[in-house]
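Structural characterization, general
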Amino acid sequence: MPSPATRGGEDRPTCVLIAEDEESFADALTVGLSREGFVVHVAGDGTTALNLFGSIDPDVVLLDQMLPGGLSGLDVCRSIRATSSVPIIMVTAKGEEIDTVVALEVGADDYVTKPFRMRELIARIRAVSRRSPRGGPEVEGAQRTEEGQIVVGEVAVDPDQRRVHVRGSEIRLRRKEFDLLLLLVENAGRVLTRDVLIDRVLGSDYIGDTKTLDVHIKRLRSQIERNPAEPELITTVRGVGYRFAAPGR
Ligand code: CA
């Protein structure tokens, strides 16, 4: 199951606007991002990108630096920034000297150089959308390693191998508990509501069944918390749900 590309506890997929004139590249991005659960809109030039931006209200914008027509990626970035704090990633081709200082000055949050790996782009999209105030509270130090592991403080989760290391030692989790932990660490720093956790991990048949979720959380805590009676990693947000965070943050 692809990791859900949603904003916080909201059940709305993350919407990405891409301004890219190279069709084959835009297609590859669209396929790669859609597979991960993102909703993708493509504009072939700057003016179209700005018009689309106004109508679709994306969560993340990916701007190719060199666009045909009158507006470059930097121009589009500057225009969007005049009205919006949406996360923006600039995309540049190898050999095109991106002026990173200018990119950051006009308000880009990050930039990537073609060619790049889809996984790297997705990690960056997730990172900038988490930093954004629209994405809910600031993420608490979740990082993706080159190998695709998600690391939050002393917990490392490998989604592909389905392995978990806590404070350097591997722990074994049941399938549902692994799924639950993965969802929590992917959204580290954010509160996930009980309904979202139940729906994503247990299935919609369990909605309203609060006990099953609590049992899984309890087992998970017994495996990963230093002191399960006083959990620091998975904290309860009363009346709402749970939140994963590195202790001391
Ligand atoms: Ca281009």
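About the thresholds
- Residues numbered from 1 in each chain as written.
- Predicted model: local features only at pLDDT ≥ 70, side-chain atom pairs only at ≥ 80, totals over all residues.
- Heavy atoms only, no water.
- Core = buried A, V, L, I, M, F, W, Y, C linked by side-chain atoms within 4.5 Å.
- Buried < 20%, exposed > 50% of the residue type's maximum accessible area, 1.4 Å probe, protein only.
- Helix = DSSP H or I, 4+ residues; strand = E, 2+ residues; numbered from the N terminus.
- Donors = N, O, S within 2.8 Å, 3.2 Å for Na, K, Ca; no water.
- Axes fitted to C-alpha atoms, helices over the stretch in contact; angles between N-to-C directions.
- Parallel < 35°, antiparallel > 145°, perpendicular 65-115°, else oblique.
- Left-handed = near helix turned anticlockwise from the far one by under 90°.
- Contact = heavy atoms within 4.5 Å.
- Nonpolar A, V, L, I, M, F, W, Y, C, P; charged D, E, K, R; others polar.
- pLDDT = per-residue confidence, 0-100.
- Phe/Tyr/Trp six-rings, centres within 6.5 Å; stacked < 30°, edge-to-face > 60°.
- Lys NZ or Arg CZ within 6 Å of the ring centre and 35° of its normal.

1. Topic: the nonpolar core
The biggest cluster of nonpolar side chains holds 30 residues, and the ones touching the most others in it are Val164, Leu181, Leu184 and Phe244. Those elements that place two or more of their residues in this core are strand S7 (150-152), strand S8 (155-158), strand S9 (163-166), helix H6 (175-186), helix H7 (194-202), helix H8 (210-224) and strand S13 (241-244). Counting residues per element, this core draws most heavily on H6, which supplies 7 residues. Counting residues in hydrophobic clusters, the runner-up holds 21 residues, among them Ala49, Cys77, Met90 and Ala103.

2. Describing the coordination of the calcium ion
Bound to the calcium ion are the protein donor atoms Asp21 (OD), Asp64 (OD) and Met66 (O), situated 2.1 to 2.4 Å from the metal. Mapping the donors of the calcium ion onto the primary sequence yields the spacing D-x42-D-x1-M. In this pair, Asp21 sits in the loop between strand S1 (15-19) and helix H1 (23-35) while Asp64 sits in strand S3 (residues 60-64), placing the two residues 43 residues apart along the sequence. Relative accessible area serves as the criterion here: at 37%, Asp21 is assigned to the partly exposed category.

3. Quick notes on the environment of Arg174
Topologically, Arg174 is positioned in the loop between strand S10 (169-171) and H6. Judged by relative accessible area, Arg174 falls into the exposed class, the value being 52%. C-alpha of Arg174 to C-alpha of Leu220: the two residues are 46 residues apart in sequence and 9.1 Å apart in space.

4. What to know about the packing of helix H2 (residues 46-56) against helix H3 (residues 73-81)
Relative orientation of the contacting elements H2 and H3 amounts to 25 degrees, with a least axis distance of 10 Å. Between H2 and H3, the angle falls in the class roughly parallel. Handedness of the crossing formed by H2 with H3: right-handed. Across the interface between the two elements, Gly46, Ala49, Leu50 and Phe53 from H2 touch Val76, Ser79 and Ile80 from H3. Classifying every residue of the contact of H2 with H3 gives 5 nonpolar, 2 polar and no charged.

5. Details of the packing of H7 against H8
Helix packing geometry: the angle between the two helix axes and the distance between the axes. The geometry of H7 relative to H8 is characterised by a closest axis approach of 10 Å and an angle of 80 degrees between their N-to-C directions. Taken as axis vectors, H7 and H8 run roughly perpendicular relative to one another. Residue-level inspection shows Arg194, Leu197, Ile198 and Leu202 of H7 in contact with H8, the latter providing Thr210, Thr212, Leu213, Asp214 and His216.

6. Let's talk about the confidence of the model for the chain
With 85% of its residues at a pLDDT of 70 or more, the chain has an overall mean of 83. Confidence drops under a pLDDT of 50 for residues 133-140, and excluding neighbours within four residues, the segment shows 22 contacts in the predicted structure.

7. Notes on the environment of Ile217
As for its position among the elements, Ile217 is in helix H8. With 19 residues separating them in the primary sequence, Ile217 and Thr236 have C-alpha atoms 9.8 Å apart.

8. Side note on the packing of aromatic side chains
The description of an aromatic ring pair uses the distance of the two centres, along with the angle that the planes make with each other. For the structure on display, the rule yields 1 aromatic pair. Note on Phe25 and Phe116: the rings are 5.8 Å apart at their centroids and 80 degrees apart in plane angle, and the pair reads as edge-to-face. Here Phe116 lies in the loop between strand S5 (110-114) and helix H5 (118-131) and Phe25 lies in helix H1, a separation of 91 residues in the sequence. For Phe116, a relative accessible area of 15% puts it in the buried group. Here the guanidinium or amino end of Lys114 rests over the ring plane of Phe25, the centre of that ring lying 4.4 Å away.

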